[in-house]
Amino acid sequence: MKRMLPLFVAGWVALACAWASAAPAKPIGPIEPANCVTAECHAGVKDHKMVHGPVNVGACDACHTPVDPAQHTFKLAREGGELCTFCHQIQTQGMKVVHKPVAEGQCLGCHDPHGANNAAFTRGDTEQQLCQRCHDSVTRDKKFVHGPVASGECQSCHAAHASNHANLLSDEGRDMCLNCHADMKKQLADARFVHKPAQAACTDCHTAHASNEKMQLKQPPVELCGSCHEKEIAAAKNAKFKHSVVLADQACENCHTAHGSNLANLMKAQPIVVCMKCHDKPVKGADGVVIAAVADVSDPNLVKHGPIRDGNCGGCHNTHGSEYDRLLTAPYPKTFYQPFKVEDYALCFSCHDKQLVTIQQAKGLTGFRNGDENLHYLHVNKADRGRSCRACHNAHASPNAMHVRDTVPYGQWQMPIKFTKTDGGGSCSPGCHKPYAYDRDKAVSYAAPKAGK
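Since the model is a prediction, treat every value here as computed from it, not as a measurement.

Draft legend 1. Quick look at the packing of aromatic side chains. Considering all chains together, one arrives at 7 aromatic pairs under this definition. Plain terms: the ring middles of Tyr337 and Tyr410 are 6.3 Å apart, the flat faces sit at 85° to each other, and that makes the pair edge-to-face. Within this pair, whereas Tyr337 is found in the loop between strand 15 (321–322) and helix 15 (346–349), its partner Tyr410 is found in strand 19 (residues 407–410), the two being separated by 73 residues in sequence. Take Tyr410: its relative accessible area is 34%, and that puts it in the partly exposed class. On the basis of an interplanar angle of 75° and a centroid distance of 4.8 Å, the ring pair of Tyr436 and Tyr446 is categorised as edge-to-face. Within this pair, whereas Tyr436 is found in strand 23 (residues 436–439), its partner Tyr446 is found in the segment after strand 23, the two being separated by 10 residues in sequence. Through successive ring pairs, a cluster of aromatic residues spans Phe336, Tyr337 and Tyr410. Directly above the aromatic system of Phe86 lies the positively charged group of Arg78, at a separation of 3.9 Å from the ring centroid. The side chain of Arg385 reaches across the aromatic face of Tyr337, ending 3.8 Å from its centre.

If you want it as structure tokens, here you go:
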């Protein structure tokens, strides 16, 4: 081993000498600029798809000035940004915002002075790579990336050198976004009602670069909407009976449009149409209770309850959440029999006069009377087995006038009502009592027959 070591060292010495003899000697005198780039010296300077003009024509002295020819040392011909602006006129005067490298004369932070793979001689293979040298955080660990950012086209929104708009944007506020989102521009122009944030800056709700939420939202929909609509979101979250779609998935956007609408409250469609997207079929709640379908509200052949006729489910239901079962805005009996209390019928009496069931003689007050006898009072105003409104009326729609039911659920039985309307009144023959008729002008007598007759 000791005898081999001198041979090993000698081999390295010989190799080093060979390398030294192969490397070109450092010039010790002036060199013509056109001769700076050769196969032996500065060979990589022109090794680009696009070569800077002075480099291409061998005018190295346009940017480099000799300091000591004997030592082959040089300095830049001008300091800072003036090296570039001597030829390249960059308009920054009067601009409100100047890109920091430009303001500091650090052109070479973004541009390669000799050449690159693009006509602007920017560093990196793509525009995205260039910008991410400093701005890598705009997409870091984000799931959803804005189209121009994903395709690396930063300059579709930002000016590279200077701008009159914040963040070097090429336009102001929402106009910046609407330059591309032409369909949204038309929607906002045509809408009768425009969401307040959509009137100003899209970035109130969206991030411009990337987000972990769809559509580059700044937060999940519930939290985002709740940042302005605090009362509505708090009411939905704290309600005893919650409307699941208000807090799930797209939350508020299940029913409302976020930008502009021709309907009040930024509804996506008429309220009844929005509701029927779910309630045209049975819906099973989180508690396992199945909410029956109400497809009858869409049947044009049925007689509709006033709010349904007007397409306003919110007339009876609090669509965000409620303290009352079935998301009702006020109490309404759930059972067939209901001891009468005015407060238990608060929902009905929010529109209907409570005298309909509190006055025994009611000429002119209701059409459901036999002469002057108020038949609503007779059916409902009982201390024990008063019939609730649902016993005869469908709250949504029915084939009959005054939305009187054909049948009514009584346990598992669909009890028939057999209501027939006449000019002066009507009759019914339900499963709960024998047939009776009534007439508003000529009362039908049901006096008990005298003894012996």
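Next, the rest of the story.
Draft legend 2. Structural detail: the sheet that holds strand 21 (residues 420–421). A sheet is described by the order of its strands in space; here 3 strands give the open sequence 21-22-23, paired in antiparallel fashion. Lying at the two open borders of the sheet, with one neighbouring strand each, are strand 21 and strand 23.

Draft legend 3. View of helix 13 (residues 271–279). Of all the residues in helix 13, the buried ones are Ile272, Val274 and Met276. On its buried side, helix 13 packs onto helix 14 (306–309).

Draft legend 4. Region of the structure containing the pattern of salt bridges. Under the criterion given, the structure shown has 7 salt bridges. Across the pair Asp136 and Arg140 runs a salt bridge, and its minimum N-O distance is 2.5 Å. Where Arg309 meets Asp310, a salt bridge forms, and the shortest distance between an N and an O atom there is 3.5 Å. Across the pair, Asp310 and Arg309 agree in class, each one exposed. Shared partners join several salt bridges into a network, and the residues in it are Asp325, Arg326 and Lys334.

Parameters and conventions
- Residues numbered from 1 in each chain as written.
- Predicted model: local features only at pLDDT ≥ 70, side-chain atom pairs only at ≥ 80, totals over all residues.
- Heavy atoms only, no water.
- Phe/Tyr/Trp six-rings, centres within 6.5 Å; stacked < 30°, edge-to-face > 60°.
- Helix = DSSP H or I, 4+ residues; strand = E, 2+ residues; numbered from the N terminus.
- Buried < 20%, exposed > 50% of the residue type's maximum accessible area, 1.4 Å probe, protein only.
- Lys NZ or Arg CZ within 6 Å of the ring centre and 35° of its normal.
- Pairing = 2+ DSSP bridges.
- Contact = heavy atoms within 4.5 Å.
- Salt bridge = Lys/Arg side-chain N within 4 Å of Asp/Glu carboxyl O.

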